[in-house]
Amino acid sequence: MAKHWADFQYEIYLNGMTGAVPRLPTDLTRLEELTEQRLGPGPVGYVAGSAGNGSTARANRAALDRRRIVPRMLRDVHERDLSVEVLGRTLPAPLALAPVGVLSIMHPDAEPAAARAAAAQSVPFILSSASSTPMEQVAEAMGDAERWFQLYWAKDREVTRSFLERAKASGFSVLVVTLDTPLLAWRPRDLDQAYLPFLHGVGTANYFSDPAFLSGLAKPVHEDPNAAVLHFVGMFADPGKTWPDLAFLRENWDGPIVLKGVLHPDDARRAAEAGMDGVVVSNHGGRQVAGSVAAADALPGVVDAVGDRLDVLFDSGVRTGDDVFKALALGARAVLLGRPYAYGLGLDGQAGVEHVIRCLLAEFDLTLALSGHAGPATVGVADLVEDTA
Ligand SMILES: Cc1cc2nc3c(=O)[nH]c(=O)nc-3n(C[C@H](O)[C@H](O)[C@H](O)COP(=O)(O)O)c2cc1C
Ligand SMILES: CCCCC(=O)C(=O)O
């Protein structure tokens, strides 16, 4: 049975009869400011910050804001079903939680709490390679929920092989390979505070628990933690990789593989030729290339190029239910959500993440209905106009 996401609206009003109001704002764009007030400047700067002067993060928002929905009337939207087919699975809504590393800088319950929230709301959780908790522990927290694993494609092939083996053994079924972070970008907010979570030992849990990684260290982590962190920083990603290298991942992973960070239609075509199953059109939430094309502006070109062969997902800048609608109208099958759930976690742990998911999907459900759609299938580019003013 289809889940009635919009009912959250009346749950909130009914709770109000006893004087209760939501613990966090229902306009998710307010979460960043609240997080700024409550958490330390280093962690908040890391999560909220972007590459360069922030131009890409702003462009992501502008590209979504510029597109406006044209609602249609009298189309029977009484019964709605938000489910979508993605990578051979049925998702109850077109949403997954994006891989966000180092979540313990936001909340001590970190990835297990976010993963439990996603599981409770039946939304896939994509666990980052740069998790602050080893993948086996996060998998355990997830029960029988959908598990997707994000790979930072290490220089050391044996570390990659070991990560894939561990992820398979822990029940992760979809592999999301991030291509846009072969190097960490110029991030002034972090540079100005000289703050990088990894140097505080956060985000290395999968590596420090990995036999292949540990065998590359001259001394055990506890004897020389700084050397271990520097070894991680030098090997977690590999600027030398090229398209033919994908064959190694295809050989070592049985399930679907999705390439994250694709913005050019030709790269999307190469992904299809390499036997991949999907792409995420993403500029990493504006955290990598300053001055980059906005993700929403890149989306239609990628959909045109490979939409009939690959599942095209989208992230970067999604903050509201109407953003989800717009991404679907531009051709995405589903969206990933990044910072807002990290803020929800920081402000209220697992409950905060559940709040964020429920608000976003309730608002999306209502946007669909009020725009004349009973589900994602009928949403298309004809539902949008571009505001050129
Ligand atoms: C604090 C933080 C950590 C992130 N860590 C990762 C990561 O480990 N792997 C990855 O592929 N993307 C990572 N991302 C990028 C997200 O997966 C996603 O692409 C981005 O946050 C989407 O944009 P949004 O934050 O505007 O929703 C991270 C983003 C943030 C904010
Ligand atoms: C080493 C980078 C991992 C975290 C990340 O992807 C981000 O901060 O955007």
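These numbers were taken from a predicted model, which means no experiment stands behind them.

1. Focus: the UniProt feature "domain: FMN hydroxy acid dehydrogenase" (unreviewed entry) in the chain
At step 1: As annotated by UniProt and renumbered to match this structure, "domain: FMN hydroxy acid dehydrogenase" (unreviewed entry) occupies residues 20-389.
At step 2: Secondary structure content for residues 20-389 is 41% helix and 12% strand, while the C-alpha to C-alpha distance between its ends is 42 Å.

2. Quick word on the site of ligand 2
At step 1: What surrounds ligand 2 is the set Tyr46, Tyr152, Leu184, Arg187, Phe198, Phe236, His284 and Arg287.
At step 2: Residue Tyr46 places a side-chain N or O atom 2.4 Å away from an oxygen atom belonging to ligand 2.
At step 3: Contact distances for ligand 2 include 2.8 Å between an oxygen atom and a side-chain N or O atom of Arg287.
At step 4: For ligand 2, the accessible surface in isolation is 280 Å², of which the surrounding protein chains cover 93%.
At step 5: Broken down by class, the residue content of the shell around ligand 2 amounts to five nonpolar, one polar and two charged.

3. Looking at the site of ligand 1
At step 1: Near ligand 1 there are 21 residues, and of these Pro99, Ser128, Thr178, Asp315 and Arg319 occur at the shortest range.
At step 2: Here an oxygen atom of ligand 1 and a side-chain polar atom of Arg319 are 2.8 Å apart.
At step 3: About the coverage of ligand 1: the protein hides 98% of its 600 Å² of free accessible area.
At step 4: For the shell around ligand 1, a count of residues per class yields six nonpolar, 10 polar and five charged.

4. Examining the packing of aromatic side chains
A ring pair, where both rings are aromatic, is described by two values, the distance of the centres and the angle of the planes.
At step 1: Within the structure shown, the criterion is met by 11 aromatic pairs.
At step 2: With a centroid separation of 5.1 Å and an interplanar angle of 40 degrees, the aromatic rings of Phe198 and Phe232 are classed as tilted. Taken as a pair, Phe198 in the loop between helix H8 (188-193) and helix H9 (205-208) and Phe232 in helix H11 (residues 225-235) lie far apart in primary sequence, 34 residues in all.
At step 3: On the basis of relative accessibility, which here comes to 1%, the residue Phe232 falls in the buried class.
At step 4: Taken together, the ring pairs in this structure connect Phe149, Tyr152, Phe163, Phe172, Phe198, Tyr207, Phe208, Phe213, Phe232 and Phe236 into an aromatic cluster.
At step 5: In this structure, Arg166 packs its charged tip against the face of Phe163, placed 5.7 Å from the ring centre.

5. Topic: the UniProt feature "active site" (unreviewed entry) in the chain
At step 1: The sites that carry the UniProt feature "active site" (unreviewed entry) are, in the present numbering, His284.
At step 2: Within the element layout of this structure, His284 appears in the loop between strand S9 (278-281) and helix H14 (295-306).
At step 3: We classify His284 as buried; its relative accessible area is 13%.
At step 4: The residues contacting His284, other than those within four sequence positions of it, are Tyr152, Thr178, Asp180, Thr181, Arg187, Lys260, Asp315 and Ser316.
At step 5: A polar atom in the side chain of His284 sits 2.8 Å from the side chain of Asp180.

6. Regarding the pattern of salt bridges
At step 1: Tallied over the entire structure, the rule returns 20 salt bridges.
At step 2: With a shortest N-O distance of 2.7 Å, Glu146 and Arg89 are connected by a salt bridge. You can see Glu146 sitting in the loop between helix H6 (135-141) and strand S6 (147-151) and its partner Arg89 sitting in strand S3 (residues 89-91), a full 57 residues away along the chain.
At step 3: Residue classification places Glu146 among the partly exposed residues on the basis of a relative accessible area of 29%.
At step 4: Residue Asp238 is joined to Lys241 by a salt bridge in which the shortest nitrogen-to-oxygen separation is 2.7 Å.

7. Side note on the nonpolar core
At step 1: Residues Leu103, Phe125, Phe149, Leu249, Leu259, Phe314 and Tyr341 are the most contacted members of the largest nonpolar core, which totals 112 residues.
At step 2: No other element matches helix H16 (residues 339-370), which puts 14 residues into this core.
At step 3: Apart from the residues within four sequence positions on either side, Leu259 is in contact with Val177, Leu179, Trp243, Leu246, Ala271, Met276, Gly278, Val279 and Val280.
At step 4: Counting 15 residues, the second-largest nonpolar core is a separate cluster that includes Val84, Val176, Val280 and Leu336.

So, how was this worked out
Residues numbered from 1 in each chain as written. Chains lettered and ligands numbered in written order. Predicted model: local features only at pLDDT ≥ 70, side-chain atom pairs only at ≥ 80, totals over all residues. Heavy atoms only, no water. UniProt positions renumbered as here; feature names shortened; annotations may be inferred. Helix = DSSP H or I, 4+ residues; strand = E, 2+ residues; numbered from the N terminus. Near = heavy atom within 4 Å. Polar contact = N/O pair within 3.5 Å; in protein donor to acceptor, adjacent residues only side chain to side chain. Areas by Shrake-Rupley, 256 points an atom, 1.4 Å probe, with all protein chains shown as cover. Nonpolar A, V, L, I, M, F, W, Y, C, P; charged D, E, K, R; others polar. Phe/Tyr/Trp six-rings, centres within 6.5 Å; stacked < 30°, edge-to-face > 60°. Buried < 20%, exposed > 50% of the residue type's maximum accessible area, 1.4 Å probe, protein only. Lys NZ or Arg CZ within 6 Å of the ring centre and 35° of its normal. Contact = heavy atoms within 4.5 Å. Salt bridge = Lys/Arg side-chain N within 4 Å of Asp/Glu carboxyl O. Core = buried A, V, L, I, M, F, W, Y, C linked by side-chain atoms within 4.5 Å.

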